[in-house]
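# Descriptive structure summary
For reference, the chains in residue letters:
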Amino acid sequence: MTAVAASPVVIARTGRHRKPQLSSMQQWLALSGRNVHIMWSHGQIFVAVLAPLIFTLGFYLPLKFVMKVQGIDYAQFVMPIIVLQAMAFTAITAAGRAATEASNGMNARFQTMPIFPAVPLASRVTAMLIHAVISLIAAVAYGYAIGFRFIGGTTLAVGFCALALGVGMTLAMAGDALGTLTKSPEITSQSLTLPQLILGMFSSGFVPESQFPEWSQGFVRNQPISQFSVSMRSMAEGHITLHQLTPSLLWCAGLLLVAVPLSIWANVRRG
């Protein structure tokens, strides 16, 4: 009798469905893996390796002989802008990815699923970082092929790479916010390409500041691309000072203070 009476209780217990335990870490890993797979299947990993090669050949070859006449080791001089252009390309790729997911309804679908609000953005940030690291490694490898060297030693080489990745991730966060808000890969691509081309060409990344017209030297000297280039060049050559590094850090911090809140708001808002 005891066994028979207890059987309904046992059946009831075994028939219950345990409520799934949500894990932000597992969700982040799953979505990060998805984003990396998309990068691989769409050829973005290949482009992350190829783009720095195009920048290296396009920037170094036309001016190396002119700069050599002026006594400038152009491989050493131009390397920072090659890396920065690779980081800017990472931001354009991140913006396109965010715009695609916003336009095809994937972001709206994430908002209806039991996913922690920060996870989709965090997974895209992970993909951005992987893309930036691959581009940075490729750019430095191509730089070594044309004669660039980290003269300042290992510590400053790490600082060079850390500043490059910091700039790249700052730009990528801004690109992600822009892509999420516009929902248009075409608009984001055009919006990000033009400013980085103008700032890049009007910077001391390609030629010394003294070779620009006198009326433009103030802008060339103080705009962010020039400051990043000067700091990275000084670290590579081993004579960086806090005075030289401070403007770059301030520019990076200021851009982060704008890009990160904007990207978070763009991704967690409804509608």
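Given the structure is predicted, the values throughout are model-derived calculations rather than measurements.

## Here's the deal with the overall build of the chain
Broken down by element type, the chain carries eleven helices and zero strands. Counting helices and strands in the order they occur from the N terminus, the chain gives α-α-α-α-α-α-α-α-α-α-α. A compact globule built from 271 residues would reach a C-alpha radius of gyration of about 18 Å, whereas the chain, at 24 Å, exceeds it by more than 25%. Of the contacts formed within the chain by residues at least 6 apart in sequence, a portion of 80% connects residues at least 24 apart. By element, 71% of the accessible surface of the chain is carried by carbon and sulfur atoms, the whole surface being about 14400 Å². Distance between charge centres in the chain, computed from 16 positive and 7 negative side chains, equals 22 Å.

## Some points on the confidence of the model for the chain
The predicted model of the chain averages 86 in pLDDT, with 92% of residues at 70 or higher. Averaged pLDDT values over the elements of the chain bottom out at 48 in helix α1 (residues 2–15) and peak at 94 in helix α6 (residues 119–146).

## So, the nonpolar core
Proteins that are soluble and globular tend to have nonpolar side chains buried together. In terms of nonpolar packing, the biggest core is built from 39 residues, with Val78, Val83 and Phe160 touching the most fellow members. It is helix α4 (residues 74–103) that contributes the most residues to this core, eleven residues altogether. Beyond its immediate stretch of four places on either side in the chain, Val83 contacts Leu136, Ala139, Phe160, Ala164 and Met232. If you look at the next biggest cluster of nonpolar residues, it comprises five residues, including Met106, Phe110, Ile115 and Val119.

## Describing the packing of aromatic side chains
Under the counting rule described, the total for this entry stands at eleven aromatic pairs. Centroid distance Phe148 to Phe150: 5.0 Å. Interplanar angle 80°. Geometry classified as edge-to-face. The class for Phe148 is buried, based on a relative accessible area of 0%. An aromatic cluster of at least three residues, connected via ring pairs, comprises Tyr144, Phe148, Phe150 and Phe160. Cation over ring: Arg233 sits above Phe77, and NZ or CZ is 3.8 Å from the ring centre.

## Some remarks on the state of the cysteines
A covalent bond between the sulfur atoms of two cysteines is referred to as a disulfide. Taken as a whole and judged by the stated rule, the model has zero disulfides. With no disulfide of its own, Cys161 lies closest to Cys252 among cysteine sulfurs, the gap being 14 Å. Residue class for Cys161 comes out partly exposed when judged on its relative accessible area of 23%. By relative accessible area, Cys252 is classed as buried at 10%.

## Points about the environment of Arg34
Examined against the element boundaries, Arg34 turns out to sit in helix α2 (residues 24–41). In this structure the C-alpha to C-alpha distance between Arg34 and Arg124, which are 90 residues apart in sequence, comes to 9.6 Å.

Cut-offs used in this document
Each chain has its residues counted from 1, running along the sequence as written. Per-residue local features of the predicted model are confined to residues with pLDDT of at least 70, and side-chain atom pairs are confined, for both listing and counting, to 80 or more; whole-chain, interface and lining totals are unaffected and use all residues. To obtain the side-chain values, all non-hydrogen atoms of the structure were used and water was disregarded. Helix and strand assignments come from DSSP, with helices taken as H or I runs of at least 4 residues and strands as E runs of at least 2, each series counted from the N terminus. When we talk radius of gyration, it's over C-alpha atoms, and the globule rule is simply 2.2 Å times the number of residues to the 0.38. Pairs of residues are marked as contacts when any of their non-hydrogen atoms sit within 4.5 Å. Using a 1.4 Å probe, the Shrake-Rupley method yields the accessible areas, and only the shown protein chains count as cover for residues. His is not counted, nor are the chain ends, whereas Lys and Arg count as positive and Asp and Glu as negative. To locate a charge, take NZ of a lysine, CZ of an arginine, CG of an aspartate or CD of a glutamate. The predictor rates its confidence in each residue with pLDDT, a number between 0 and 100. In this description, a nonpolar core means a group of buried Ala, Val, Leu, Ile, Met, Phe, Trp, Tyr and Cys residues linked to one another through side-chain atoms lying within 4.5 Å. Classification of residues uses two cut-offs on accessible area relative to the type maximum, computed with a 1.4 Å probe and protein chains only: under 20% is buried, over 50% is exposed, and between them is partly exposed. Two aromatic rings, drawn from Phe, Tyr or Trp (for Trp, its six-membered ring), form a pair once their centres lie within 6.5 Å of each other, and the interplanar angle then sorts them: stacked below 30 degrees, edge-to-face above 60, tilted otherwise. Only lysine NZ and arginine CZ atoms are considered, and such an atom sits over a ring when it is within 6 Å of the ring centre and within 35 degrees of the ring normal. Note on terminology: pairs of cysteine sulfur atoms within 2.5 Å are recorded as disulfides.

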